[in-house]
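# A look at the structure
Here is what each chain is made of, one letter per residue.
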Amino acid sequence: MTRTTIERPPAGFSRRGLLAAGGLSAAGVSFATSARSAPARAPAGPPARILDISLTVNGRANVLALDPRTSLLDALRDHLGLTGTKKGCDHGQCGACTVHLGGRPVLSCLTLAAAVREPVATIEGLAGPGGQLHPMQQAFIDEDAFQCGYCTPGQIMSAVACVSQGRAGSDAEVREFMSGNLCRCAAYPHIVAAIREAGGRQGA
Amino acid sequence: MRPFAYRRAASALDAVQAAAGPPTEAPTQFLAGGTTLIDLMKLDAMRAETLVDLNDLSRELGGISAGADGLALGALARMSDAARHPIVRRDYPVIAQALDLAASQQLRNMATLGGNVLQRTRCEYFRDPSWTRCNKRDPGSGCAALEGVNRKHAVLGVGERCIAAYPGDFAQALAALEAEVEILGPGGPRAMAFEALHVEPGAAPEAETVLAPDDLITGFRIPARPWTRRSLYLKVRDRESYEFALASAAVALDLRNGTVNQVRIALGGVATKP
């Protein structure tokens, strides 16, 4: 396990890096401002003190200087550069932000980073060291289990738990287990098929 | 979200002491799973000057144990832990079913039992502060739900000031099984009938329980009775899964030689309190 302190995602040449660098343009500036979380209108209490927060993500230990209000989701996306986990509703209703905490799926949008005590696993940690896809990722591709793909990382994190917890025995069981992951494209029949397929391959 | 001070509690006593102090407009809140609190703080429907994080107390308050006299559930046990506990499933099925039929698997992995019984109403006029009239959020401001979209609001226990329904499921199972709730407060530990924990809105809808801001729920005791094993939770809702009850019932029967000796029924989804 390596230990690093990361304040900002490392800048590499990427589509995302290029867009972020576009902050020089007027449009870029306004986008960057509106993308930040809305400032509090009037403080209820004392000004927030910045906390040093330890987060182990995908086997890597990090110490981040964060406002106590920072959700695990925002810590992953904005402070660790792990943007695979998606922000959908930001209120615990859609499941797009699902990650594993201590091996169990949770909603990172309703989890304060400061309240995390166990290791975090995200979609970026699923693939093997050589980049080979996790069987569930492969099954989602094979079964065409997404259209726009925005909910897919959350779907896959829940789907991995669905199989590992032995809850992929029937279509009905899969649907019940996966009910906290919404898909606005309604790819549900293909998602169920992918989970059944991956579950069968792994002997669930 | 408005700023707050954050601290971690080292023990239940430490948590209670951290929450003590003179009454303020935005009292200290205990943070456990956060599934209600963080959601409502983001919406600005709840405010807290300080959050006291209880997540280091799972060893002290997270246990589940059963004996001949009953079941003890720690307040920091997660919903999913209790729902899949083999003795809970076998001997207290209404509890396992009420927990399994609530929320989503992600939320059940997060939410604790103590937090679950304190979850706030789903009344949209309470949750959305752009509605100015809500006696629960802003005492004395009125109630927009009385003349609003209120199909899912409460029928029982309502008053002129509030018709918001209590949304939970687990609480009905506790009420049906005559559970006790254990509380640690500044005066030490105490226990009371779970049914006496929540109060009807009456003249003060902002007060949902008899708890003071520095009272901490530490656990629940469910006595083993002739009806605990023959019990179930029935939930009727607009969709099959991941939805609050339109109406629900926790039912426990003491059946002897084909005769119902005792029946206990707690209704959910239709009332202002469990």
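Reading the values: the criteria
- Residues numbered from 1 in each chain as written.
- Chains lettered and ligands numbered in written order.
- Predicted model: local features only at pLDDT ≥ 70, side-chain atom pairs only at ≥ 80, totals over all residues.
- Helix = DSSP H or I, 4+ residues; strand = E, 2+ residues; numbered from the N terminus.
- Rg over C-alpha atoms; globule rule 2.2 N^0.38 Å.
- Buried ≥ 20, exposed ≤ 12 C-beta atoms within 10 Å, placed from the backbone.
- Contact = placed C-beta atoms within 7 Å.
- pLDDT = per-residue confidence, 0-100.
- Core = buried A, V, L, I, M, F, W, Y, C linked by C-beta atoms within 7 Å.
- Domains from an automatic or database assignment.
- Axes fitted to C-alpha atoms, helices over the stretch in contact; angles between N-to-C directions.
- Parallel < 35°, antiparallel > 145°, perpendicular 65-115°, else oblique.
- Left-handed = near helix turned anticlockwise from the far one by under 90°.
- Nonpolar A, V, L, I, M, F, W, Y, C, P; charged D, E, K, R; others polar.
- Pairing = 2+ DSSP bridges.

On to the overall build of chain B, then. Check the secondary structure of chain B and you find 10 helices and 11 strands. In terms of overall size, chain B behaves like a compact globule, its C-alpha atoms giving a radius of gyration of 18 Å where 274 residues would be expected to give roughly 19 Å. In terms of overall dimensions, chain B has a C-alpha envelope of 60 × 45 × 35 Å along the principal axes. Within chain B, the proportion of its 274 residues that are buried is 52%. Long-range pairs, those at least 24 residues apart, make up 63% of the contacts in chain B with a sequence separation of at least 6.

Turning our attention to the confidence of the model for chain A. When pLDDT is low, close inspection of the predicted coordinates is not appropriate. All names here are of chain A. When pLDDT is averaged across chain A, the result is 85; 75% of the residues are at 70 or more. When the criterion is pLDDT under 50, residues 4–12 qualifies, and its contacts beyond four places in sequence or with other chains add up to 11 contacts. Note on residues 23–42: pLDDT is under 50 here. Beyond four places in sequence and across chains, it has seven contacts.

Quick look at the nonpolar core now. What tends to happen in soluble globular proteins is that the nonpolar side chains get buried as a cluster. Core analysis: the biggest nonpolar cluster contains 133 residues, and Ile195 of chain A together with Val94, Ala98 and Ala173 of chain B have the highest contact counts within it. Examining the composition of this core, we find that seven residues originate from one element, helix α5 (residues 152–164) of chain A, more than from any other. Domain assignment of the residues forming this core places at least three in each of domain 1 (48–125) and domain 2 (135–201) of chain A. Ala98 of chain B has contacts with Asp169, Phe170, Gln172, Ala173, Tyr233 and Ala250 of chain B, leaving out every residue within four places of it along the chain.

All names here are of chain A. Running from amino to carboxyl end, helix α4 (residues 135–142) crosses helix α7 (residues 188–201) at an angle of 135 degrees, the nearest separation of the two axes being 8 Å. As far as their axial angle goes, α7 and α4 are oblique. Crossing of α4 over α7 shows right-handed handedness. Together, Pro135, Met136, Ala139, Phe140 and Asp142 of α4 and Ala194, Glu197, Ala198 and Arg201 of α7 make up the contact between the two elements.

Moving on, we get to the interface of chain A and chain B. Across the boundary between the two partners, chain A contributes 31 residues, which contact 27 residues of chain B. Elements represented by at least two residues in the side of chain A that touches chain B include exactly β5 (104–107) and α6 (171–177) of chain A. Take the side of chain A that touches chain B: its biggest share by element is four residues, from β5 of chain A. Residues that form the side of chain A that touches chain B fall into these classes: 16 nonpolar, nine polar and six charged.

Right, let's talk about helix α3 (residues 72–79) of chain A for a bit. Residue and element names in this part refer to chain A. Burial of α3 is extensive: seven of the eight residues sit out of reach of the surface. Every buried residue of α3 is listed here: Leu72, Leu73, Asp74, Ala75, Leu76, Arg77 and His79. Phi for Gly81, located one or two positions after α3, is positive at around 70 degrees.

On to the packing of α5 of chain A against α7 of chain A, then. Residue and element names in this part refer to chain A. Closest axis-to-axis distance for the α5/α7 pair is 10 Å, and the angle between their directions is 40 degrees. The orientation of α5 relative to α7 falls into the category oblique. Like other packed secondary-structure pairs, α5 and α7 cross with a definite hand, here right-handed. For the pair α5 and α7, the contacting residues are Gln155, Ala159, Cys162 and Val163 in the first and Ile191, Ile195, Ala198 and Gly199 in the second. Here the residues of the contact of α5 with α7 sort into six nonpolar, two polar and no charged.

Before going further, it helps to spend a moment on unusual backbone geometry. With a phi angle near 60 degrees, Ala186 of chain A is a residue other than glycine that sits in the positive phi range. Of note, Ala186 of chain A is situated in the loop between α6 and α7. A positive phi angle, close to 55 degrees, is found at Glu178 of chain B, a residue other than glycine.

Right, let's get into the sheet that holds strand β9 (residues 231–236) of chain B. Residue and element names in this part refer to chain B. Strands sit in the order β9-β10-β11 across an open sheet of three strands; the sheet is antiparallel. At either end of the open sheet lies a strand with only one pairing partner, and these are β9 and β11 (259–268). Going from strand to strand, the sheet's axes swing by 20 degrees on average, the running direction of each strand aside. Two strands pair when backbone bridges link them, and β9 and strand β10 (residues 247–256) are joined in this way by six bridges, in the antiparallel orientation. Within β10, the residue paired with Ser231 across the bridge is Ala252.

Okay, the domain arrangement of chain A next. How big an interface is tends to be expressed through the accessible area that disappears when the partners come together. Residues and elements named next belong to chain A. Partitioning chain A into domains gives domain 1 (48–125) and domain 2 (135–201). Between the C-alpha centres of domain 1 and domain 2 the distance comes to 22 Å. At the junction of the two partners, domain 1 supplies 14 residues and domain 2 supplies 11 residues. When residues of the side of domain 1 that touches domain 2 are traced back to their parent elements, those giving at least two are β4 (98–101) and β5. A class-by-class count of the residues in the side of domain 1 that touches domain 2 yields six nonpolar, six polar and two charged.

Residues and elements named next belong to chain B. Spatially, three strands are ordered β1-β3-β2 in an open sheet, and the strand pairing comes out parallel. Because the sheet does not close on itself, it has two edges, and the strands there are β1 (5–8) and β2 (29–31). Between one strand axis and the next, the sheet turns by 30 degrees as a mean value, whatever way the strands run. Most of the contacts of helix α1 (residues 12–19) go to strand β3 (residues 50–53), to which it runs at about 175 degrees, and overall it touches β1, β2 and β3.

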